[in-house]
Amino acid sequence: MKKIYPSATEALDGLLHDGMFIAAGGFGLCGIPELLLQAIKEAGTQNLVFASNNAGVDDFGIGILLQTKQVKKMISSYVGENAEFMRQYLSGELELEFNPQGTLAERMRAGGAGIPGFYTKTGVGTVIAENKEHKDFPTGPDGQAETYIMEEGIFADIAIVKAWKADATGNLVFRKTARNFNAPAATCGKICIAEVEEIVPTGSLDPDSIHLPGIYVNRIVQGTHEKRIEQRTVRQKEVS
């Protein structure tokens, strides 16, 4: 089955519809599927629900869809660096479901594994636990019962991710911190579209170095990508 598409627009052809649920990779400004997000913006798809670790910045990542008010709800763990996100949330224009970072990653992984829900201690006793099922398990010292909350797996309509390398069968290699959320996000969508920096010949990737097997990837698009630094901290030059 052909997986390589000539453009992000063609890779998304036939998949987009208003109100859909999208899982997106990315960690800070690393590993953001920017070409696919731009294609979604240009398609004009509305009332989107995104599960993503963060919402990019005002003019990059999911931030470009917030600018055009195409996003209805965000399921995220970090929403800093985005003034438009803050404005829409505080004004009631945007729904927000906060998740601890590890919980969000596990919700994606669980969805990809077909697991509808799991229990975790993270968030117990905080606003994260409100309206969620609580259950005690004997996991403490000497079998003492401790309280856990149930979180649901994420099952998205599509997953969009960004990888460093791919082969024609869809095997993916992510680079450094871009691996953090791209791999679990890729598994929890009914269809996974990956944009990559380089497509290499099939068989050239070391099997032990593949981060995501091609069985999870349905479509691939190659393109040029912008390299951004989220926060640049430099030392003041000493004056002698």
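Going by the structure above, here's the rest.
Quick summary incoming for the structure in this document. (Residues numbered from 1 in each chain as written. Predicted model: local features only at pLDDT ≥ 70, side-chain atom pairs only at ≥ 80, totals over all residues. Heavy atoms only, no water.)

### Describing helix 4 (residues 83-90)
Because each turn of an α-helix spans 3.6 residues, side chains separated by three or four positions end up pointing in the same direction.
Phase 1 of the analysis: Within helix 4, burial applies to E84, F85 and Q88. For helix 4, the angular spread of the buried residues around the axis is 105°, confining them to a single face. For helix 4, exposure combined with an orientation more than 90 degrees from the buried face picks out M86 and L90.
Phase 2 of the analysis: Its buried side turned inward, helix 4 meets helix 3 (63-67), strand 4 (71-76) and strand 5 (95-98).
Phase 3 of the analysis: Where helix 4 starts, the residue carrying a side-chain oxygen 3.3 Å from the main-chain nitrogen of E84 turns out to be N82.
Phase 4 of the analysis: Where helix 4 terminates, the next one or two residues include G92, which has phi positive at roughly 80°. (Buried < 20%, exposed > 50% of the residue type's maximum accessible area, 1.4 Å probe, protein only. Helix = DSSP H or I, 4+ residues; strand = E, 2+ residues; numbered from the N terminus. Arc of directions from axis to C-beta. Contact = heavy atoms within 4.5 Å. Polar contact = N/O pair within 3.5 Å; in protein donor to acceptor, adjacent residues only side chain to side chain.)

### As for the pattern of salt bridges
Phase 1 of the analysis: Per the stated rule, a full pass over the model turns up 10 salt bridges.
Phase 2 of the analysis: K69 is the partner of E93 in a salt bridge, and the nearest nitrogen-oxygen pair spans 3.4 Å. Taken together, the residues span a long stretch of sequence, with E93 in the loop between helix 4 and strand 5 and K69 in the loop between helix 3 and strand 4 at a distance of 24 residues.
Phase 3 of the analysis: K69 gets classed as partly exposed once you look at its relative accessible area, which sits at 47%.
Phase 4 of the analysis: Two residues, D157 and K190, come together in a salt bridge whose shortest N-O distance is 3.9 Å. Linking D157 in strand 9 (residues 156-167) with K190 in strand 11 (residues 189-200), this pair joins segments that are 33 residues apart in sequence.
Phase 5 of the analysis: The structure contains a network of salt bridges with shared partners spanning K69, E84, R87 and E93. (Salt bridge = Lys/Arg side-chain N within 4 Å of Asp/Glu carboxyl O.)

### Regarding the side chain of K162
Phase 1 of the analysis: Here K162 shows up in strand 9.
Phase 2 of the analysis: Of the polar contacts made by the side chain of K162, one reaches the side chain of E34; its length is 3.1 Å.

### A short note on the packing of aromatic side chains
The description of an aromatic ring pair uses the distance of the two centres, along with the angle that the planes make with each other.
Phase 1 of the analysis: A complete count under the given rule lists three aromatic pairs for this structure.
Phase 2 of the analysis: Aromatic pair F27 and F181: ring centres 6.4 Å apart, planes at 15°, arrangement stacked. On the criterion of sequence distance, the pair formed by F27 in the loop between strand 2 (21-24) and helix 2 (34-43) and F181 in helix 6 (residues 179-187) is long-range, its members being 154 residues apart.
Phase 3 of the analysis: Against the face of Y5 rests K2, its NZ or CZ located 5.7 Å from the ring centre.
Phase 4 of the analysis: Sitting over the ring of W164, R175 keeps its end group 5.8 Å from the ring centre. (Phe/Tyr/Trp six-rings, centres within 6.5 Å; stacked < 30°, edge-to-face > 60°. Lys NZ or Arg CZ within 6 Å of the ring centre and 35° of its normal.)

### So, the state of the cysteines
Phase 1 of the analysis: Counted under the stated rule, the structure contains zero disulfides.
Phase 2 of the analysis: With no disulfide of its own, C30 lies closest to C192 among cysteine sulfurs, the gap being 19 Å.
Phase 3 of the analysis: You can see C192 has no disulfide; the closest cysteine sulfur is in C188, sitting 9.0 Å from it.
Phase 4 of the analysis: A relative accessible area of 0% means that C192 is categorised as buried. (Disulfide = S-S within 2.5 Å.)

### Description of the environment of E84
Phase 1 of the analysis: One can find E84 in helix 4.
Phase 2 of the analysis: For the pair formed by E84 and F60, sequence separation is 24 residues and the distance between their alpha carbons is 12 Å.
Phase 3 of the analysis: For E84, the residues in contact, after removing those within four places along its chain, are D58, L66 and Q67.
Phase 4 of the analysis: A polar atom in the side chain of E84 sits 2.9 Å from the side chain of R87.
Phase 5 of the analysis: Within polar-contact distance, the side chain of E84 engages the side chain of Q88 at 2.7 Å.

### Details of the packing of helix 5 (residues 101-112) against helix 6
Phase 1 of the analysis: The N-to-C vectors of helix 5 and helix 6 enclose an angle of 35°; their axes lie 6 Å apart at closest approach. For helix 5 against helix 6, the interelement crossing comes out left-handed. When helix 5 is examined against helix 6, the residues Q101, L104, A105, M108, R109 and G112 are found in contact with a partner set consisting of F181, P184, A185 and T187.
Phase 2 of the analysis: Counted by class, the contact of helix 5 with helix 6 contains six nonpolar, three polar and one charged residues. (Axes fitted to C-alpha atoms, helices over the stretch in contact; angles between N-to-C directions. Left-handed = near helix turned anticlockwise from the far one by under 90°. Nonpolar A, V, L, I, M, F, W, Y, C, P; charged D, E, K, R; others polar.)

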